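Here is what each chain is made of, one letter per residue.
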Amino acid sequence: MSPDHAHPRSLFDKVWDAHLVTQETVETPALMYIDLHLVHEVTSPQAFAELASRGLDVRRPDRTLATVDHSTPTLDFAPGETPPYANEQARNQVETLQDNARKHGIELHDWDSEHRGVIHIIGPELGATQPGMTIVCGDSHTATHGAFGALAFGIGTTEVGHVLATQTLLQRKPKSMRIHVNGQTGSDVTAKDIILHIIAQIGVDGGTGCVIEYTGDAITALDMEARMTVCNMSIEAGARAGMIAPDQTTFEYLRGRARAPKGMNWDNAVAKWSELASDAGAVFDCEVHIDATQIRPMVTWGTAPDTGIAIGDAIPTPQTPAEQRAITYMDFQPGEAMGEHRISQVFIGSCTNARIGDLRIAARVMRGRKIAPGLRMLIVPGSVSVRHQAEAEGLDKIFRFAGAEWRQPGCSMCIAMNGDRGEAGQLVVSTSNRNFEGRQGTGVRTVLASPATAAASAIAGHITAAGSLMEAEYV
Amino acid sequence: MSDPLKPDFARFRSRTFVISQENIDTDQIIPARFLTTTQCAGLGLNAFHDWRYDEAGHRRSGEPLNALDTAHQQVIVAGRNFGCGSSREHAAWALHDLGIRVVISSEIADIFSANASKNGILPIIAPKIAHHWLLEHDGVEIAINLETGRVDLGNGPSFQFQIEPFARRCLLDGTDPLGFLLSHDAQISAYEARTT
């Protein structure tokens, strides 16, 4: 299909149009077909129970992919032993998904799988995430998969049930927003800094009701892992989804992965995927321009993800009651630099920043160094395969030598429901996506940062940019 | 409808409860450590847990939420961007279990809003003037008519609100979205045949 110059369409329009089972009307939303449904243990049990109570089966187990990640411990345990769950409820929740997957014939990446891990890390890793797909999951960070030019968004558990039973969802077409990020970023700027900068510019509700397309040379220059970090945090600006047009970088990442098309199917798929990019003249409801040359390594000072400032900049004076509450909770003073506070814990992990590239950057900063005395550092790889890759490269030795804890994969301290958490009052530097009050444990004060910044801060014992530590190139 | 769990949103009256803070995320509404449940029921007990209770588990005396009386106050009026963050439907289940039937704000996060209307909670976007008035008048009695889309604020600036028509239908007459989807089996099969 060649672009229709009279009706130029965006990437989002194209994926949307291709998945309409029925069109929307004034009275009813569209029925949207879902190509890939990702499932984890926390947001699925009530949905499976609903199916059971109605005597329904899973319509397309072949389009459903499950793993256990949120409630799972990241501590080591011996083969054959029961994983050291935080409590019986967590264990029951995992076993409930195991039962449901078995009953319905769903592929589950369980304790014995090389691809068990954070759901948004294993989808791409398996090549299950592909351009042009519709992908949903009972998890707001599903936007991660938009990095491949998929329309991917989080849903509630009732909708998880809808997709399990019918492979469709009732959807009104969201608005569209395009964010242009142009100009060359500094060598010390990573994808996490780019997205924290964007969210600080547009606000936590800047993308509400919208699907964002990220474009511009600072975006196309990113590798796939970095693009995933950007799209992952779209929800932190309130957006339904974030997307990036697939290109050669995308295709090279997918080539040869377990679920990627093979042989002639591969060539056909690439030809089809190459047509997904937004047509010239495609119209968006809103356009935002970001100057990439202005982006510096970022950290957040508050309790919402839009409170990012450049490291070294002064913490601002609160302008609203919400900001006043945030600065009080964080126990910071306006005008201070973030680096003035001692940190208690550092967490490198989560669907935002637990891929192999994130661990390589952290290792580059930490190599041959020790973390600050008294500080605790958790490094939690995104999947079993990321863990094995890191170990093959010797990264685990660097982390262990530094004094960090090298853990088994999982969501861990990002959501802090598996026993990995901070203590009240502790200041935690985290590569995850949310700094909400209590997110990493009751009373914990979370600072969001990139893996480079998190690693450098762990060495220093206070918040600092990687700067000179990064210059010592490690091969 | 006589079922107290399914109020008549065409003739709904209640007093409000104001939580003026902006950007209340679903981690505040129900902290993640309570998400290991495999049930929907019972989450109200831990709604806004860390606001209502201190680290030792004692009720915080100065916290207005501890005085919330959902026998008479079934409407939360919240600061801008209520329900942002995590997609956890547990937030809607917790509020419903607590006795909340309506949330009013100038802006409500997308996923929370979708979850709310599927669980007997009416999400209402109020115009800024009305929202501001409601924030300033904690505990005022209001009347809501979902059929006409009107909120009557008595002496305040009454207003019309928009809601997605299918969500309105579900809240008004209990239309079952899954049943509706299942009734499209033939179209879904046709789509699958066409695209694979």
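Residues numbered from 1 in each chain as written. Chains lettered and ligands numbered in written order. Predicted model: local features only at pLDDT ≥ 70, side-chain atom pairs only at ≥ 80, totals over all residues. Heavy atoms only, no water.

Asks: Can you help me understand the interface of chain A and chain B in this one?
Replies: One widely used convention gives an interface's size as the accessible area the parts lose upon coming together. Taken residue by residue, the interface counts 61 residues in chain A and 53 residues in chain B. At the boundary of chain A with chain B, total buried surface from both sides reaches about 4700 Å², with 57% on carbon and sulfur atoms. Of all residues in chain A, the largest losses of buried area upon contact with chain B belong to A:Q46, A:R59 and A:T442, amounting jointly to 12% of the total for that side. Across the chain A-chain B interface, the total number found is eight salt bridges. Among the ionic pairs, B:E192 bridges to A:R59, the shortest N-O distance being 2.8 Å. Taken together, chain A and chain B are joined by 26 residue pairs in polar contact (both at pLDDT 80 or more). Those elements that provide at least two residues to the side of chain A that touches chain B are β1 (20-22), β2 (30-33), α2 (45-54), α3 (88-104), α5 (157-166), β8 (168-171) and α11 (321-330) of chain A. In terms of residues, the side of chain A that touches chain B owes the most to one element, α5(A), which gives six residues. When the residues that make up the side of chain A that touches chain B are grouped by side-chain class, the tally is 23 nonpolar, 24 polar and 14 charged. (Contact = heavy atoms within 4.5 Å. Buried area = accessible area lost by both parts, 1.4 Å probe. Salt bridge = Lys/Arg side-chain N within 4 Å of Asp/Glu carboxyl O. Polar contact = N/O pair within 3.5 Å; in protein donor to acceptor, adjacent residues only side chain to side chain. Helix = DSSP H or I, 4+ residues; strand = E, 2+ residues; numbered from the N terminus. Nonpolar A, V, L, I, M, F, W, Y, C, P; charged D, E, K, R; others polar.)

Asks: What am I meant to see in the packing of aromatic side chains here?
Replies: Each aromatic ring pair is specified by the distance between its two centres and by the angle formed by the two planes. Going through the model one piece at a time under the given rule, you end up with twelve aromatic pairs over all chains. Relative to B:W51, the ring of B:F48 lies with its centre 5.2 Å away and its plane at 55°, an arrangement referred to as tilted. For the residue pair B:F48 and B:W51, the accessibility class agrees, reading buried in each case. Taken together, A:F77, A:Y85 and A:W111 form an aromatic cluster joined through their ring pairs. The ring centre of A:F12 lies 5.2 Å from the NZ or CZ of A:K173, which sits over that ring. Over the ring of A:Y253 we find A:R257; its NZ or CZ atom is 3.8 Å from the centre of that ring. (Phe/Tyr/Trp six-rings, centres within 6.5 Å; stacked < 30°, edge-to-face > 60°. Buried < 20%, exposed > 50% of the residue type's maximum accessible area, 1.4 Å probe, protein only. Lys NZ or Arg CZ within 6 Å of the ring centre and 35° of its normal.)

Asks: What's the story with empty space enclosed by the protein in this structure? I'm lost.
Replies: Under the criterion given, the structure shown has five cavities of 30 Å³ or more. Counted as a void, the largest cavity has a volume near 210 Å³. Lining of the largest cavity is provided by 22 residues; of these, A:H70, A:D139, A:H141, A:I415 and A:R439 occupy positions nearest its centre. In terms of residue class, the lining of the largest cavity is made up of seven nonpolar, eleven polar and four charged. Computed from the structure, the second largest cavity encloses a volume of approximately 60 Å³. Lining of the second largest cavity is provided by A:T208, A:I235, A:G238, B:G83, B:C84, B:G85, B:A109, B:D110, B:I111 and B:F112. (1 Å grid on protein atoms, 1.4 Å probe; cavity = no way out; pocket = protein on both sides within 12 Å on 5 of 7 lines; lining within 4 Å. Points joined across faces, edges and corners; volume = space filled by probe spheres on them.)

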